[in-house]
Each structure stands twice: as C-alpha cells, then as structure tokens.
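# A structural walkthrough
Chain by chain, the residues run as shown.
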Amino acid sequence: MNILVIPSWYPSGKDKLMGIYHKEFCEALAKRDDINVNMLYIDRQRLSAPLKYLFMKKDIIVEEKGYKTYIKKMLDVRKINFDIQLQRYVKTLDKLYNEYLKNNPKPDVIHAQVMFPAGYAATKLGVKYNIPVLITEHAHAKRFFEGRYKKYSDFIYQNAKITTVSKFLAKELEEKNIKATVLPNLVNVEIFMKIRKKIKELKLVTLVALREGKNIDDIIAALKIIINKNKKIKAQLTIIGDGFLEDYYKKRCTELDMDDYVEFVGRKNKDEAADILNNHNIMVIASDFETFGIPGIEAFASGMPVVSTKCLGPEEYIDKSCGALVKVKDIEALANAILEVYNNIDKYDVEHLRTIANKYSGKSITDKAIKIYKEMLK
C-alpha cells in the first residue's frame, strides 16, 4: 500500500520539536513490510526576509529513515490575505505532488496532518485525482466551524475522513455532527524502556518546548513549596527542551532562588532523553492545554509516574494507578500531588506503567492507521 503523508508542520527553524511526531509516524510506517510511505511538505517562509527567500533553494528532497520528504518552499502571505495564501498553498502542493509522481507511484491514500493548511489542500488534491484522504487533527477543530475557515472546513468534512489524537477532540467534532475516529500520537516507547534505577531522592523531570502555556515556572514554584515544607528533602528538577521562553524561565528560576535545585539541559535527542528519564522518578506536566502529551507516555515507558495538570490530553491516560492530576495553575495542589506521589513511589508498578505506554507504540498506532486505510479503500 502506498501512503503519502502531508503535514502542516515539520521540524524546522528554531522550534525543532514542532511536528516531530509526523516524522516519527512516517518512520514507524516505513518499518512495515506492507507499506511504502513518503512525505510532502510545503515550507511557508515568513515575509520578514523576502530577499533571503528570493535566493534560497526552493525544492529539497530529504533522505529520512526509510522514506523521503519532498519539500517545496513558498512565501507565507496569510497575514495579508488568508484566502489568497490558502489558494496559493493548494497550487503549490498540487505542483509538488505532480513532481513527486515523476519518480513515485500514485498513492493509495493521502494522510494529512492538521486540517489547515495541509488538510484542506490534501482534500483538494484527493478530489482532483480521485484519492481517498485521511486527516488527523492535533488541535481544537471546533474553531473551523465559523469565520474564515467555515467554507473550507465544510469542503473537508464532505470529502475526507477525520481522525483526532484525543477523545475530547473527537467529541468536539461529534457535537457538530462530524464523525471522527481517534488515532493517538505515536510514541517511540522502546527507546525509553531501560532497566529502571531505584532513586531515593525526589528527582523531577519535565520534557517540553519552552514556549507559552507550558508553565515551567509553576513547576519550579511547586518544588520551592516542597523544599520549604521539608527542609531535609533532597530534590532536583531537570528541564529538557528549548524555546523562545528559555531566558524568561531561567530568570524566574533565579527570582525564586531555585538555581541550586533546577537544571536546564536544553534540547536532547531521544537516546539522551531516555537516559535522563531513567535517572529521575517523577515526570511533571504543568501545561494550560495539551492535545495529547507525548512526554507523559515516554515517562510511563521509562517506568515513572506522571503528575500533570488537567490539561485535557493527559487526562485520557493518567489515573491514580500511574500518577496524579491537579487543576491548572494551582501551584499548591501541584506541590502536594508531587509530594504524595513521591511518598508512595514504590507502589507504582513499572510493568503496569509500560503496559499503558505500549498502547501508543509504533506498531500499535500504525496497526490502527493501516486498518483505517483499508476501510477507506473498501
């Protein structure tokens, strides 16, 4: 079966985590004997550097792990006119698709990631060339029922099959009479399944892009509360990740007088992150909102419980058997939950945690995807 993946996001620029799960999904599909997969990506360049765009290479082919990504660059003019930008995106994708066909077979299914812009453009492509289209939505789709999106989303719902990465996202669509299947994010769980070390100290870890809504300062403040209440406790917080708010969070750490307890280690690859997780005993997620929350599953694969805010995505896989949930922005509750999980750390069964993680493994998620593809082809 020939599958063509078309994502709205792809790891590039400063944020190397944006869209990384699309790459990992393609890598997992590429491992299947019954699947041939490649990716098309339209790289939207900001208007802030038009001269730079003028002289850059517009077409690139990247050799990935088991597949290829075909990239075509275009200027992003959506701030000037959304409709014109979307139509230009559709035409650019159509051109890239026809260039792709020169050396590749026609896809049996197009799998787009995120409704706009890739989902809409992929649906136009599918209708034009008679190819079934699947779209996986990673964020709130309810905003697409009004305003500038509505006329385009109506076209999508009439001509493509929709999946979402979380149950609550599917429910949002079902409330609008749009049937959606849940296809969760894929997690490379195997790399995190090392022999778990027994750690006596309170060693917290968070793995996150340092951008708005992640509330890293809340985790630091919660740890400060724990230390103030328990003077004898040995505690540490390791922050894995980078982003444009890194300096802000470091400043807040200093303001809270927590530099001796917190370490910013920057962005790490999966092997490095797995080693770090194996030397910690609680993962913390403090976000305002997560559609899924991949680090939580990586923590389970590592064999550690997770303390998270009730930010939707993690609520679908965290219960008392594997961690704790607290109200968003409730720092006192976050501190108490961390302390309670730590005091009962030996009660969390590593194999149980890894059983949860395996539900999101490469094989498990690609099995679900392939089942959907086959149903579409019928």
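Above this text is the structure in question.
Residues numbered from 1 in each chain as written. Predicted model: local features only at pLDDT ≥ 70, side-chain atom pairs only at ≥ 80, totals over all residues. Heavy atoms only, no water.

### Focus: the side chain of threonine 69
Within the secondary structure layout, threonine 69 lies in strand E4 (residues 68-75). We classify threonine 69 as buried; its relative accessible area is 0%. Within polar-contact distance, the side chain of threonine 69 engages the side chain of glutamate 64 at 3.0 Å. Setting aside anything within four residues of it in sequence, one finds threonine 69 in contact with Tyr10, Met39, Tyr41, Ile60, Ile61, Val62 and Glu64. (Helix = DSSP H or I, 4+ residues; strand = E, 2+ residues; numbered from the N terminus. Buried < 20%, exposed > 50% of the residue type's maximum accessible area, 1.4 Å probe, protein only. Polar contact = N/O pair within 3.5 Å; in protein donor to acceptor, adjacent residues only side chain to side chain. Contact = heavy atoms within 4.5 Å.)

### Comments concerning helix H13 (residues 362-377)
Two residues of an α-helix separated by three or four positions point the same way, owing to the 3.6 residues in each turn. The end-to-end C-alpha distance of H13, which contains 16 residues, comes to 22 Å, matching closely the 22 Å that a straight helix rising 1.5 Å per residue would cover. Burial in H13 covers these residues: Gly362, Ile365, Thr366, Ala369, Ile370, Ile372, Tyr373 and Met376. Viewed along the axis of H13, the buried residues span an arc of 160°, placing them on a single side of the element. Those residues of H13 that are exposed and angled more than 90 degrees off the buried face are Lys363 and Lys371. Considering only its buried residues, H13 is in contact with strand E1 (2-7), helix H1 (20-30), strand E5 (109-113), strand E6 (133-137), strand E7 (161-164) and strand E8 (180-182). (Expected span 1.5 Å × (residues − 1). Arc of directions from axis to C-beta.)

### Here's the deal with a nonpolar patch on the surface
Where nonpolar side chains cluster on the molecular surface, the patch consists of Leu51, Leu54 and Phe55 and spans about 400 Å² of accessible area. Within the fold, leucine 54 resides in helix H2 (residues 50-55). Under the relative-accessibility criterion, leucine 54 is labelled exposed at 54%. (Patch = residues over 30% accessible without salt bridge, like charges linked within 9 Å, V, L, I, M, F, W, Y side chains within 5 Å. Areas by Shrake-Rupley, 256 points an atom, 1.4 Å probe, with all protein chains shown as cover. Salt bridge = Lys/Arg side-chain N within 4 Å of Asp/Glu carboxyl O.)

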